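Fold and contact review
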Amino acid sequence: MVTSLPLSVPRIVVAAPASGHGKTTVATGIIRALTGRGFTVAPFKVGPDYIDPGYHSLAAGRVGRNLDPYLVGIERVAPLFAHGAAGADIAVVEGVMGLYDGATGEGELASTAQIAKLLQAPVLFVVDAAAQGRSIAALVHGFRAFDPEVRLAGVILNRVGSQTHRSILTEALDELGLPVLGALRREAAVSAPSRHLGLVPVAERRAEAVDAVDALGGLLDTSVQLDEVYRLARSAPPLAVTAWDPVEEVGRRCGPRPRIAVASGPAFTFSYAENAELLAAAGAEVCPFDPLHDQTLPEAVGGLVLGGGFPEVYAPELAANEALREEVFRFGRLGGAIAAECAGLLYLGKSLDGLPMCGVVDAEAVMTDRLTLGYRHAVAASESVLAAAGTRVSGHEFHRTAVSPSAGSPPAWHWRRNGGAVTEGFAGTRIHASYLHLHWAGAPSIARRLVESCAVV
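We now turn to the structure provided with this report.

The rules behind these values
Residue positions within a chain follow its written sequence, with the count starting from 1. The predicted nature of this model means local features are confined to residues of pLDDT at least 70 and side-chain atom pairs, given and counted, to a pLDDT of 80 or more, with totals for whole chains, interfaces and linings taken over all residues. Water and hydrogen atoms were dropped before computing side-chain values, which therefore reflect all heavy atoms in the structure. Counting from the N terminus, the helices are the DSSP runs of H or I reaching at least four residues and the strands are the DSSP runs of E reaching at least two. Each radius of gyration is computed over the set of C-alpha atoms, and the globule rule expresses the reference value as 2.2 Å times the number of residues to the power 0.38. A 1.4 Å probe rolled over the protein chains alone gives each residue an accessible area, and that area as a share of the maximum for its type sets the label: buried under 20%, exposed over 50%, partly exposed in between. Any two residues whose heavy atoms approach within 4.5 Å are treated as being in contact. Here, Shrake-Rupley sampling with a 1.4 Å probe gives the accessible areas, and only protein chains in the shown set may cover a residue. Note that His is not counted, nor are the chain ends; the positive residues are Lys and Arg, and the negative ones are Asp and Glu. Here a salt bridge means any side-chain nitrogen of Lys or Arg lying within 4 Å of a carboxyl oxygen belonging to Asp or Glu. For a helix, the expected span equals 1.5 Å multiplied by the number of residues minus one. Aromatic rings from Phe, Tyr and Trp, with only the six-membered ring used for Trp, were paired whenever their centres fell within 6.5 Å, and each pair was classed as stacked if the ring planes differed by under 30 degrees, edge-to-face if by over 60, and tilted otherwise. For two strands to pair, DSSP has to find at least two bridges joining them. Axis lines are fitted through C-alpha atoms, for helices just across the contact stretch, and the angle between N-to-C directions can take any value from 0 to 180 degrees. Starting at the helix axis, one direction is taken to each C-beta atom, and the arc is that of these directions.

What follows is about the overall build of the protein. Assigned secondary structure in the protein consists of 15 helices and 21 strands. Relative to the compact-globule value of 23 Å for 457 residues, the protein shows a C-alpha radius of gyration of 23 Å, a close match. Taking the principal axes of the C-alpha coordinates as reference, the protein spans close to 70 × 45 × 45 Å. Every one of the 457 residues in the protein was classed for burial, and the buried ones make up 58%. Contacts in the protein between residues far apart in sequence, at least 24 positions, make up 75% of those at least 6 positions apart. Accessible area of the protein: about 17,700 Å², with a carbon and sulfur share of 52%.

What follows is the structure in structure tokens.
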């Protein structure tokens, strides 16, 4: 049954002038500190990022979700928020990049500012003040004045040098009437390891991640006025919205429930929670498995979903699991339904950095020094288990690997990049493998089509 979001769900957006100011530190720490005080916190991340929500989930003990208007459509943002915030005492939304940064060339689309307006949520502004004095007021004033519909409600100072430094900054912001709700000293930094695509996912460093998140919670509990943060969150006005419902999106399906194996574990950490919810709503039994350690696919599966992650980091271990690679190869050759994106594409190929992979897709992959990153409007180039030819989707690329060839015959997608036409990925009646990451809530027919493809095996 479709339910409505309670009118009084408190919510706050954590934003910054640019990347690197400390949004993840502050957002994750606040989530953990509030959870430690007994609040049920619903965590969210603006944009397509998979890694930060993993830390949010760890901090909240509740799944972290993404809010991305480019991937799911503006009209679905508030319903997805309502779905994810159900039963929570407060929702904390971490922004992306700078407050007004979004999809290149598309105005405010997919920006933190747009999300704040769609949710009618106050903004807690995190500023790296390491090299600033009174000029911080000019910076914050400019961001507040740029779009009067965005309500900057408080400031968190990061990398403050001393008590005197904090006093200078606070006095400057007092002139704007903006409260400083906390300050983090430079020497109090808590770090998490990173590499070529950002932070190392929680699944790869569980024990260390728990310690880091606990430390962040302790730091924010003593450095930020959490009572005031909660008060600001409660100032968000009633949000009249019907919660997103995966069953409503895909329609009820009768008949046997096909089993679909979904890759998980340290090498395959990139997945939106709603994708699995849509598969289940469409009538599938979702069966997680870990390609690093499991020797076989789950029993009696009719479909295989291989999402994103870091197979390049675990290529030796994936190659060493020869039994599973051979089973995946047989599954593909016998006509099992396969949907793969990014990491999944690499795993299905013949090799990755010279190490053997599954060989379902006739392509070889290598690491490069070039980052491919950005949103894409794509059109399905051919029929596949994922989409009918001509289906239009919005997705995201994020990788430092390259496959050769870059597309099969038939290919998966057509799109335009830097003014030129791109043909990408590998498709067939029983397979779809591509670099393009999709949030299935933006095209729920994908889940229905995949489940129905599995049911006919």
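Text resumes after the structure shown.
Let us now look at the side chain of glutamate 327. Residue position: glutamate 327 is located in helix 13 (residues 322–333). With no salt bridge to any partner, buried glutamate 327 finds its closest opposite charge in arginine 330, at an N-O distance of 4.7 Å. Non-local contacts of glutamate 327, meaning those with residues more than four positions away in its chain, are made with Gln295, Thr296 and Leu297.

If you check helix 4 (residues 74–85), its first and last C-alpha atoms are 18 Å apart, about what 12 residues at 1.5 Å a residue would give, namely 16 Å. With nine of 12 residues buried, helix 4 lies mostly within the body of the structure. All buried positions along helix 4 are accounted for by Arg76, Val77, Ala78, Pro79, Leu80, Phe81, Ala82, Gly84 and Ala85. Taken from the residues just after helix 4, glycine 87 is the one with a positive phi, measuring 80 degrees.

To continue, consider the packing of aromatic side chains. Scanning all chains against the criterion turns up 10 aromatic pairs. Centroid distance phenylalanine 44 to phenylalanine 81: 4.9 Å. Interplanar angle 35 degrees. Geometry classified as tilted. Linking phenylalanine 44 in strand 2 (residues 41–46) with phenylalanine 81 in helix 4, this pair joins segments that are 37 residues apart in sequence. As far as burial versus exposure is concerned, phenylalanine 44 and phenylalanine 81 are alike and both buried. When the centroid spacing of 4.2 Å and the interplanar angle of 20 degrees are considered together, the rings of tyrosine 70 and tyrosine 375 count as stacked. In this pair, tyrosine 70 sits in helix 3 (residues 69–72) while tyrosine 375 sits in strand 16 (residues 364–380), placing the two residues 305 residues apart along the sequence. Comparing tyrosine 70 with tyrosine 375 shows no difference in burial state: the two are buried. An aromatic cluster of three or more residues is present, and its members are Tyr50, Phe270, Tyr272 and Phe310.

Taken together, the six strands give an open sheet; going across it, the order is 11-10-12-13-21-20, and neighbouring strands pair in mixed fashion. Lying at the two open borders of the sheet, with one neighbouring strand each, are strand 11 (285–289) and strand 20 (426–428). Taken pair by pair, the neighbouring strands of this sheet meet at an average axis angle of 15 degrees, ignoring direction. Sheet analysis places strand 10 (residues 259–263) next to strand 11, joined by five bridges and oriented parallel. Note that in strand 11 the partner of arginine 259 across the bridge is glutamate 285. Set on the sheet, helix 13 makes contact with strand 11, strand 12 (301–306) and strand 13 (337–341); between it and strand 12 the angle comes to about 115 degrees.

Peptide bonds are mostly trans, and most non-glycine residues show a negative phi. Here serine 404 and proline 405 are connected by a cis peptide whose omega angle stands at -5 degrees. Relative to the assigned elements, proline 405 resides in the loop between strand 17 (392–404) and strand 18 (413–417). Note the cis peptide between serine 409 and proline 410, where omega equals 15 degrees. Following the sequence through the fold, proline 410 ends up in the loop between strand 17 and strand 18. Residue alanine 300 is not a glycine yet carries a positive backbone phi of 55 degrees. Among the secondary structure elements, alanine 300 is positioned in the loop between strand 11 and strand 12.

What follows concerns the pattern of salt bridges. For the coordinates displayed, the defined rule picks out 20 salt bridges. Where arginine 37 meets aspartate 221, a salt bridge forms, and the shortest distance between an N and an O atom there is 2.8 Å. Within this pair, whereas arginine 37 is found in the loop between helix 1 (23–36) and strand 2, its partner aspartate 221 is found in helix 8 (residues 206–223), the two being separated by 184 residues in sequence. Residue arginine 76 is joined to glutamate 249 by a salt bridge in which the shortest nitrogen-to-oxygen separation is 3.7 Å.

With that settled, the discussion passes to helix 13. The first and last C-alpha atoms of helix 13 sit 16 Å apart over 12 residues, in line with the 16 Å expected at 1.5 Å per residue. All of the buried residues along helix 13 are Leu324, Arg325, Glu327, Val328 and Phe331. Down the axis, helix 13 shows its buried residues gathered within 165 degrees of arc, on one side only. Buried residues belonging to helix 13 abut strand 11, strand 12, helix 12 (315–320), strand 13, helix 14 (343–348) and strand 15 (355–356). Directly after helix 13, the chain includes glycine 335, whose backbone phi takes a positive value near 95 degrees.

With that out of the way, let us pick up the sheet that holds strand 2. Sheet strands pair via backbone hydrogen bonds, and the direction of the pair is either parallel or antiparallel. Pairing within the open sheet is parallel, and its seven strands lie in the order 3-2-4-1-5-6-7. For this open sheet the edge positions go to strand 3 (65–67) and strand 7 (180–185), each flanked by a neighbour on one side alone. Within the sheet, the average angular offset between the axes of one strand and its neighbour, ignoring direction, is 25 degrees. Sheet analysis places strand 6 (residues 152–160) next to strand 7, joined by four bridges and oriented parallel. Residue pairing across strands places isoleucine 156 opposite glycine 182, the latter belonging to strand 7. This element, helix 1, spans strand 1 (11–15), strand 2, strand 4 (90–94), strand 5 (123–128), strand 6 and strand 7 of the sheet and lies at about 165 degrees to strand 4. Strands strand 6 and strand 7 of the sheet are contacted by helix 7 (residues 163–174), whose axis makes an angle of about 160 degrees with strand 6.

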